[in-house]
Amino acid sequence: MVAAGAALADEVGLANLTMGLLAERVGVRTPSLYKHVGGLEDLTRRIAILALNEAADAVGGAIQGYAGRDALAASARAFRTFVRQHPGRYAATIGAQPSGPDDPLATAGGRLLDSFKAVLRGYDIPEADTDHALRTLRSLVHGFATLQAGNGFQWPADIDESFEWLIGFGDRGLRGR
């Protein structure tokens, strides 16, 4: 049920996802969905967990064997691709709050965070600045990817060239702080 909800969110947008629409998609009556999920809020939370795990797999796999700028570029490209391919499920992750350290949402988010921490190990970032560097890195790739997924770049410059420029910008910033 969660996978079907995630696919539907990607198709129609998370804001347009409803239990009725999901029931129609999977060929059941809406009350039947409540055997599987506790409602739209529960479904959205489960989609966020799925999305964070999928993004962690994508980014973690992409950075294997790379360090420094190469790891940064691989992680950024993998994250951008994930967000573009799965805008609805990625939207479910924004603002999702784990209930505690053992919450599957915290575990999934931690996996993705660990991948980005691995990228930062290729730079001389003091431990005291790690959180700042992580927020900066996330802001760069999240901002670009969500703007692109939402058709936010409507001028003629090549988007891929702009993204490569962003990777270079991030690399210079992480090296030169």
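Residues numbered from 1 in each chain as written. Predicted model: local features only at pLDDT ≥ 70, side-chain atom pairs only at ≥ 80, totals over all residues. Heavy atoms only, no water.

(A) Quick peek at the environment of Met-1. With respect to the helices, strands and loops of the structure, Met-1 is situated in the segment before helix H1 (2–12). By relative accessible area, which is 31% here, Met-1 ends up partly exposed. Sequence separation of Met-1 and Val-26 is 25 residues, and the distance between their C-alpha atoms is 8.1 Å. Beyond its immediate stretch of four places on either side in the chain, Met-1 contacts Leu-22, Val-26, Leu-33, His-36 and Leu-43. (Helix = DSSP H or I, 4+ residues; strand = E, 2+ residues; numbered from the N terminus. Buried < 20%, exposed > 50% of the residue type's maximum accessible area, 1.4 Å probe, protein only. Contact = heavy atoms within 4.5 Å.)

(B) Layout of the nonpolar core. The biggest cluster of nonpolar side chains holds 49 residues, and the ones touching the most others in it are Leu-43, Leu-72, Phe-79, Leu-112, Phe-116 and Leu-174. Elements with a minimum of two residues in this core: H1, helix H2 (19–26), helix H4 (40–63), helix H5 (68–85), helix H6 (87–93), helix H7 (104–120), helix H8 (130–149) and helix H9 (159–176). At 10 residues, H4 tops the list of elements feeding residues into this core. (Core = buried A, V, L, I, M, F, W, Y, C linked by side-chain atoms within 4.5 Å.)

(C) Inspection of the environment of Asp-158 at higher detail. Structurally, Asp-158 can be placed in the loop between H8 and H9. Under the relative-accessibility criterion, Asp-158 is labelled partly exposed at 38%. A sequence separation of 29 residues divides Asp-158 from Asp-129, and the C-alpha atoms of the two residues are 33 Å apart. For Asp-158, the side chain forms a polar contact with the main-chain nitrogen of Asp-160, separated by 3.1 Å. Within the local environment of Asp-158, its side chain forms a polar contact with the backbone nitrogen of Glu-161, the two atoms lying 2.7 Å apart. (Polar contact = N/O pair within 3.5 Å; in protein donor to acceptor, adjacent residues only side chain to side chain.)

(D) Local environment of the packing of aromatic side chains. One pass over the structure, following the stated rule, counts 6 aromatic pairs. Geometrically, the ring pair formed by Phe-79 and Tyr-90 is edge-to-face, given 5.4 Å between the ring centres and 90° between the ring planes. With a gap of 11 residues between them, Phe-79 in helix H5 and Tyr-90 in helix H6 connect regions that are remote in the sequence. The two residues Phe-79 and Tyr-90 agree in class, both being buried. Aromatic pair Phe-144 and Phe-153: ring centres 4.8 Å apart, planes at 40°, arrangement tilted. In this pair, the class of Phe-144 matches that of Phe-153, namely buried. Taken together, Phe-144, Phe-153, Trp-155 and Phe-163 form an aromatic cluster joined through their ring pairs. (Phe/Tyr/Trp six-rings, centres within 6.5 Å; stacked < 30°, edge-to-face > 60°.)

(E) Looking closely at the layout of surface pockets. In this structure, the largest pocket spans a volume of roughly 570 Å³. In terms of lining, the largest pocket is formed by 19 residues, of which the most central are Leu-52, Gly-109, Leu-112, Leu-113 and Arg-138. Elements with a contribution of two residues or more to the lining of the largest pocket: H6, H7 and H8. (1 Å grid on protein atoms, 1.4 Å probe; cavity = no way out; pocket = protein on both sides within 12 Å on 5 of 7 lines; lining within 4 Å. Points joined across faces, edges and corners; volume = space filled by probe spheres on them.)

Bear in mind that shape data such as this cannot, by itself, settle questions of function.
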